Amino acid sequence: MLATSERPTARISADEWFARGERRGYEPAHSSILGRRPTGQPQDQLQVFERVVCQQALASDARWTTMLPGFPDGSYGYAQVNELLGRDVQPRLFIEYIGQGDSDKPAGYQYSTIERADLVEAQWQVHGVHTTFVVTFDYSSLVLLELLARQYERATKGIANHTRIAAVFIINGGLFADSHSHPWQTTPLLKSQVGQLVLWAAQRSPTIFANVMRSAAMYSKAYNVSDAELRDMHNTVARRDGASFVHRAAGFVDEQQRNSARWDLRRLYVALHNTVTFHFAGSEDDPFEPRQLIAVRERLGVDGVDVRMFPGGHMTTSEHPDLLANAIRDLWV
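Since the model is a prediction, treat every value here as computed from it, not as a measurement. For every chain, the first residue of the written sequence is number 1, and numbering continues from 1 along that sequence. Reporting of local features is limited, given that this is a predicted model, to residues whose pLDDT is at least 70; pairs of side-chain atoms are given and counted only at 80 or more, and all residues count toward the totals for whole chains, interfaces and linings. Hydrogens are left out, water is left out, and the side-chain values use all remaining heavy atoms of the structure.

**Considerations on the nonpolar core**
Line of reasoning, step 1. Residues enter a nonpolar core if they are buried and are Ala, Val, Leu, Ile, Met, Phe, Trp, Tyr or Cys, with the set joined through side-chain atoms within 4.5 Å. Classification of residues uses two cut-offs on accessible area relative to the type maximum, computed with a 1.4 Å probe and protein chains only: under 20% is buried, over 50% is exposed, and between them is partly exposed. Counting 47 residues, the largest nonpolar core has Ile165, Leu265, Phe278, Phe280 and Val296 as the members making the most contacts within it.
Line of reasoning, step 2. No other element matches the 7 residues that helix H4 (residues 140–157) contributes to this core.
Line of reasoning, step 3. Apart from the residues within four sequence positions on either side, Val296 is in contact with Leu175, Phe176, Leu265, Phe280, Val305 and Val307. Helix and strand assignments come from DSSP, with helices taken as H or I runs of at least 4 residues and strands as E runs of at least 2, each series counted from the N terminus. When checking whether two residues touch, look at their non-hydrogen atoms; a contact exists if any pair is within 4.5 Å.

Spelled out as structure tokens, the structure:
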């Protein structure tokens, strides 16, 4: 059983979260983060949101913690967890993909796991991240699998001078392509034409958005999600006309099917477990990925694999940020 720590004295709102980070230019074609744009200069490139938490001088060999976001609330999903981590687990880098939060949501953009992995590597490069502990929530598990596949390929080719993933903590994520169980009213609906229309309406109506979230089985029945939480969720998802991204990105399960061989967790675990420490977590009442952790235990074929269970529903970041912060702190030490 995980110990409980105190919750933040006050919830961090979406506006507060985004005010404490910044938007930086990003060039997808070259996977590079650009210099900060001077105030008043016309914006001629994509902008991505990031937040760095670091209250101490950094050594060149500092081990970063990279927080990869969930779907659909992006980096803001970690806002309460971040408050509970306080001065621990530093430096922390919160990444916001194109299409989420306060990052741009360009029309016609080729959203994919591959381009998200490219953005993560660009962020690591610009911040000089040599070694990192990676925490993922929800669909960022696929981004991590792609990053691990790249790390393995580089190692086999003797390619150095890239960020090294030293440890991973994968929470409520898809790990095996044949073990998803998304309820029909969630991802399957969101990627349909009906779902596109619903999200168009949700963009414009916080009430419709709240109703969609309440019916999507994201929270456990025992958790009474508040109106304030749902308003912040709408603020986050609809920011910069972003609700349409939810429809465009909802095909990540199909994307995993197409890349099942490359992103096969067993293959990557066998190849990397001597140099990368693996940790997994799920939620007791999660209707999305309940079979994933069963498959982890069965397919990795090792005793003592670290599998943790949180109480509550899929949105552990909302329901139990204290337990999640404790686990991150425990694994970082």
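**Let's talk about helix H7 (residues 206–214)**
Line of reasoning, step 1. Every buried residue belonging to H7 is among Phe209, Ala210 and Met213, and all of these are buried. With its buried residues spanning 100° around the axis, H7 presents them on a single face. Within this analysis, the arc is defined by the directions that extend from the helix axis to the C-beta atoms.

**Comments concerning the environment of Ser226**
Line of reasoning, step 1. Among the secondary structure elements, Ser226 is positioned in the loop between H7 and helix H8 (227–238).
Line of reasoning, step 2. Each C-alpha atom, one on Ser226 and one on Ala210, is 9.9 Å from the other, the two residues being 16 residues apart in sequence.

**Structural notes on the sheet that holds strand S6 (residues 131–137)**
Line of reasoning, step 1. At least two DSSP bridges between two strands are needed for those strands to be called paired. The sheet built from 9 strands is open, its strands ordered S2-S1-S3-S5-S4-S6-S7-S8-S9 with mixed pairing. Single-partner strands in this sheet number two, and they are strand S2 (32–33) and strand S9 (306–310).

**Description of the environment of Ala29**
Line of reasoning, step 1. Within the element layout of this structure, Ala29 appears in the loop between strand S1 (22–27) and S2.
Line of reasoning, step 2. Residue Ala29 is classed as exposed on the basis of its relative accessible area of 66%.
Line of reasoning, step 3. Between the C-alpha atoms of Ala29 and Asp118, which are 89 residues apart in sequence, the distance is 9.7 Å.

**Here's the deal with the packing of aromatic side chains**
The geometry of two aromatic rings is summed up by the distance between their centres and the angle between their planes.
Line of reasoning, step 1. The aromatic pairing rule takes the rings of Phe, Tyr and Trp, using the six-membered ring of Trp, and pairs them if the centres are within 6.5 Å, calling planes under 30 degrees apart stacked, those over 60 edge-to-face and the rest tilted. As enumerated under the stated definition, the model contains 9 aromatic pairs in all.
Line of reasoning, step 2. Between the aromatic rings of Phe278 and Phe280, the centroid separation amounts to 6.3 Å while the plane-to-plane angle is 20°, which identifies the pairing as stacked.
Line of reasoning, step 3. Within the aromatic cluster, the residues linked to one another by ring pairs are Trp17, Tyr78 and Phe94.

**Quick notes on the packing of H7 against H8**
Line of reasoning, step 1. Think of each axis as a best-fit line through the C-alpha atoms, taken over the contacting stretch in the case of a helix, with angles from 0 to 180 degrees between the N-to-C directions. As a packed pair, H7 and H8 sit with axes 9 Å apart at the nearest point and diverge in direction by 105°. Accordingly, the angle class assigned to the pair H7 and H8 is roughly perpendicular. Residues Pro206, Phe209, Ala210, Met213 and Arg214 of H7 touch H8, and the partners they reach there are Asp227, Leu230, Met233, His234 and Val237.
Line of reasoning, step 2. Classes in brief: Ala, Val, Leu, Ile, Met, Phe, Trp, Tyr, Cys and Pro nonpolar; Asp, Glu, Lys and Arg charged; the others, Gly included, polar. A class-by-class count of the residues in the contact of H7 with H8 yields 7 nonpolar, 1 polar and 2 charged. An angle counts as roughly parallel when it lies under 35 degrees, as roughly antiparallel when it exceeds 145, as roughly perpendicular when it falls between 65 and 115, and as oblique in every other case.

**Points about the pairing of strand S7 (residues 164–171)**
Line of reasoning, step 1. Where burial is concerned, most of S7 is hidden: 7 out of the 8 residues are buried.
Line of reasoning, step 2. Two elements, S6 and S7, share 7 bridges in a ladder whose sense is parallel. Following the sheet pairing, Thr132 is matched in S7 by Ile165.
Line of reasoning, step 3. For the handedness criterion, the β-α-β arrangement of S6, H4 and S7 is classed as right-handed.
Line of reasoning, step 4. Sheet topology places S7 next to strand S8 (residues 277–283); 5 bridges connect them, and they run parallel. Classification remark: right-handed applies to a crossover when, strands pointing away from the viewer, the course from the first strand over the helix to the second runs clockwise.

**Regarding the packing of H4 against helix H11 (residues 265–272)**
Line of reasoning, step 1. Two elements in contact, H4 and H11, have axes whose closest approach is 10 Å; the angle formed by their N-to-C orientations is 45°. By the angle between their directions, the pair H4 and H11 is classed as oblique. Read as a crossing pair, H4 and H11 show a hand that is left-handed. Between H4 and H11, the residues in contact are Leu145, Leu148, Ala149 and Tyr152 and Leu265, Arg267, Leu268, Ala271 and Leu272, respectively.
Line of reasoning, step 2. Tallied by class, residues from the contact of H4 with H11 come to 8 nonpolar, no polar and 1 charged. Two helices crossing with the near one rotated counterclockwise from the far one by less than a right angle form a left-handed crossing, whereas a clockwise rotation gives a right-handed crossing.

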